[in-house]
Amino acid sequence: MISVVAPIFNEQENLPELRRRLVAALETTGQPFEIVLVNDGSRDRSGEIARQFHAEDARIKLVELSRNFGHQPAVTAGVHHAHGDCVVLIDADLQDPPEVIPEMIRKWQEGFEVVLGERNSRAEHGVRGIGFRLFYPVLRALSDLPSAPDAGIFGLMDRRVVEEFNRLPERNRFIPGLRSWLGFKQASVMYDRNDRAAGKPKQTLRRLIHYAMDGIFSFSYRPLRWVTWMGIFVSTVTFGLAAFYLLQFIARGGRTYGSGFTTTILSILFLGGVQMIAIGILGEYVGRIYEEIKQRPLYVVRDKVGIDGR
Ligand code: UDP
Ligand code: MG
């Protein structure tokens with residue numbers, strides 16, 4: 001059986017189209033399937049629409065979270081509740097075309113355990129567009145991940161990979177990174193990422209920035225190492241300057257400069273800035289340690305429809 005997991009947050013305009021295209025695409029594979037919708041605390045009619053879907057077609061199921069937990073926790077909840085031999089993750093806004101899924105299934109049947117949807121092109125514009133385009137090269141440069149292809153959650157995981165995925169305990173979940181970290185036999189399917197079919201993006205810029213930072217900080221100590229290098233750099237420059245001033249002092253026959261206002265102010269500000277950046281980077285790690293150590297569940301389920309006998 002094939003499972004498809006889609007997180008939903010206020011997507012009432014997109015749901016009918018999502019259902020139509022998903023079911024059509026999955027039926028071409030000739031395999032049994034289930035669609036697990038995760039309602040991430042939507043404030044519109046998404047939940048009722050999903051219940052209606054289940055009443056009309058029992059292959060469509062629903063996990064309802066108790067509030068809005070965010071994209072990655074919602075996807076994780078869906079994966080935890082999917083029973084398929086492979087699990088496909090897809091955004092509900094139709095930015096990822098469901099028509100690519102049969103191609104992913106074929107790759108899976110050829111023996112690949114992870115199939116990524118990799119983007120040929122993107123349709124996002126403006127600040128978000130620039131951010132999305134810059135993020136993956138930066139991630140590749142910064143993180144210790146074995147690979148960081150330009151892929152979001154859209155992709156397929158074999159049951160074996162899902163079992164391992166479900167054992168990952170961490171709360172700061174950057175799913176593309178975790179999937180890449182897990183390894184297994186990976187293949188890619190190229191596709192063009194569309195603009196969302198209807199409505200506005202549901203992830204605020206703040207959440208996206210947090211998500212991007214998870215990508216970097218959860219997979220690398222490199223920023224901490226930079227802090228060390230920054231410290232070494234600043235100290236070296238300071239020693240150089242000290243030597244320079246000492247020589248000048250001797251050359252001038254023991255006379256000091258009267259004023260050094262600009263130099264003093266600049267070096268205080270510079271060092272202050274460097275220290276604050278360093279503390280900020282430390283803080284990113286400390287905050288993440290705190291999140292992990294609290295051991296709170298990643299999400300809370302309020303209701304299930306069509307899953308585990310409900
Ligand atoms: N989403 C969610 N919870 C949230 C925000 C978004 O479940 O708090 C869902 C949303 O309904 C969509 C997917 O996650 O199906 C991706 O969201 P969005 O399109 O806003 O993100 P972007 O494409 O900008 O990364
Ligand atoms: Mg989207």
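Note that the structure is a prediction, hence the values are computed from the model and not measured. (Residues numbered from 1 in each chain as written. Chains lettered and ligands numbered in written order. Predicted model: local features only at pLDDT ≥ 70, side-chain atom pairs only at ≥ 80, totals over all residues. Heavy atoms only, no water.)

A. View of the coordination of the magnesium ion (ligand 2). At the metal site, the magnesium ion (ligand 2) is ligated by Asp93 (OD) and Gln95 (OE1), and these contacts range over 1.9 to 2.0 Å. By relative accessible area, which is 8% here, glutamine 95 ends up buried. (Donors = N, O, S within 2.8 Å, 3.2 Å for Na, K, Ca; no water. Buried < 20%, exposed > 50% of the residue type's maximum accessible area, 1.4 Å probe, protein only.)

B. Molecular detail of the sheet that holds strand E3 (residues 60-65). Ordered by their spatial adjacency, 8 strands build an open sheet running E7-E5-E6-E4-E1-E2-E3-E8, and the pairing between neighbours is mixed. Taken across any chain shown, the strands that pair with only one partner, and hence form the sheet edges, are strand E7 (186-192) and strand E8 (301-305). Adjacent strand axes in the sheet meet at a mean angle of 20 degrees when their direction is disregarded. Where strand E2 (residues 33-39) lies against E3, 5 bridges are found, and the strand directions are parallel. Counterpart to asparagine 39 in the pairing with E3 is glutamate 64. (Pairing = 2+ DSSP bridges. Helix = DSSP H or I, 4+ residues; strand = E, 2+ residues; numbered from the N terminus. Axes fitted to C-alpha atoms, helices over the stretch in contact; angles between N-to-C directions.)

C. Region of the structure containing the layout of surface pockets. Empty space within the largest pocket amounts to approximately 990 Å³. Lining the largest pocket are 45 residues, and of these Arg128, Phe132, Gln203, Leu208 and Tyr211 lie nearest its centre. Here the element with the most residues in the lining of the largest pocket is helix H5 (residues 126-142); it accounts for 9 residues. Grouping the constituent residues of the lining of the largest pocket by class yields 22 nonpolar, 9 polar and 14 charged. Taken as a whole, the second largest pocket encloses approximately 810 Å³ of empty space. Lining the second largest pocket are 26 residues, and of these Phe69, Pro73, Arg207, His210 and Glu291 sit closest to its centre. If you list the elements that add at least two residues to the lining of the second largest pocket, you get helix H3 (71-81), helix H8 (205-217) and helix H10 (261-294). (1 Å grid on protein atoms, 1.4 Å probe; cavity = no way out; pocket = protein on both sides within 12 Å on 5 of 7 lines; lining within 4 Å. Points joined across faces, edges and corners; volume = space filled by probe spheres on them. Nonpolar A, V, L, I, M, F, W, Y, C, P; charged D, E, K, R; others polar.)

D. Spatial organisation of unusual backbone geometry. Look at asparagine 10: it is not a glycine, yet its phi comes out positive at around 55 degrees. Positionally, asparagine 10 belongs in the loop between strand E1 (2-8) and helix H1 (15-27). In this structure asparagine 10 comes out as buried when scored by relative accessible area, which is 17%. The backbone of glutamine 295 sits at a positive phi, close to 60 degrees, despite the residue not being glycine.

E. Layout of the pairing of strand E6 (residues 155-158). Along E6, one buried face is formed by Gly155 and Met157 and the opposite face, lined by Leu156 and Asp158, is buried too. Sheet topology places strand E4 (residues 86-89) next to E6; 4 bridges connect them, and they run antiparallel. The residue bridging leucine 89 from the neighbouring strand is glycine 155, located in E6. Here 3 bridges tie strand E5 (residues 114-121) to E6, and the two strands are oriented antiparallel to one another. The residue of E6 that forms the bridge with valine 115 is leucine 156.

F. Summary view of the pattern of salt bridges. Tallied over the full model, the rule gives 20 salt bridges. Across the salt bridge formed by glutamate 27 and arginine 59, the nearest N and O atoms sit 3.2 Å from each other. Of this pair, glutamate 27 sits in helix H1 while arginine 59 sits in the loop between helix H2 (46-56) and E3; the two residues are 32 residues apart in sequence, bridging distant segments of the chain. A relative accessible area of 30% means that arginine 59 is categorised as partly exposed. (Salt bridge = Lys/Arg side-chain N within 4 Å of Asp/Glu carboxyl O.)

G. Summary view of the environment of leucine 282. For leucine 282, the position within the fold is in helix H10. Counting along the chain gives 148 residues from leucine 282 to leucine 134, while the straight-line C-alpha distance between them is 24 Å.

H. H3, seen in detail. Counting buried positions along H3 yields 10 of 11 residues, so the element is predominantly enclosed. Those residues of H3 not exposed but buried are His71, Gln72, Pro73, Ala74, Val75, Thr76, Ala77, Gly78, Val79 and His81.

I. Seen up close, empty space enclosed by the protein. With the rule as written, the count across this model stands at 2 cavities of 30 Å³ or more. Roughly 40 Å³ of internal volume is contained in the second largest cavity. Considering the residues around the second largest cavity, the lining is formed by Leu18, Arg19, Leu22, Ile35, Leu37, Phe53 and Ile60. Elements represented by at least two residues in the lining of the second largest cavity include exactly H1 and E2. In terms of residue count, H1 provides more of the lining of the second largest cavity than any other element does, 3 residues in total.

The values reported here are purely geometric and, on their own, carry no functional implication.
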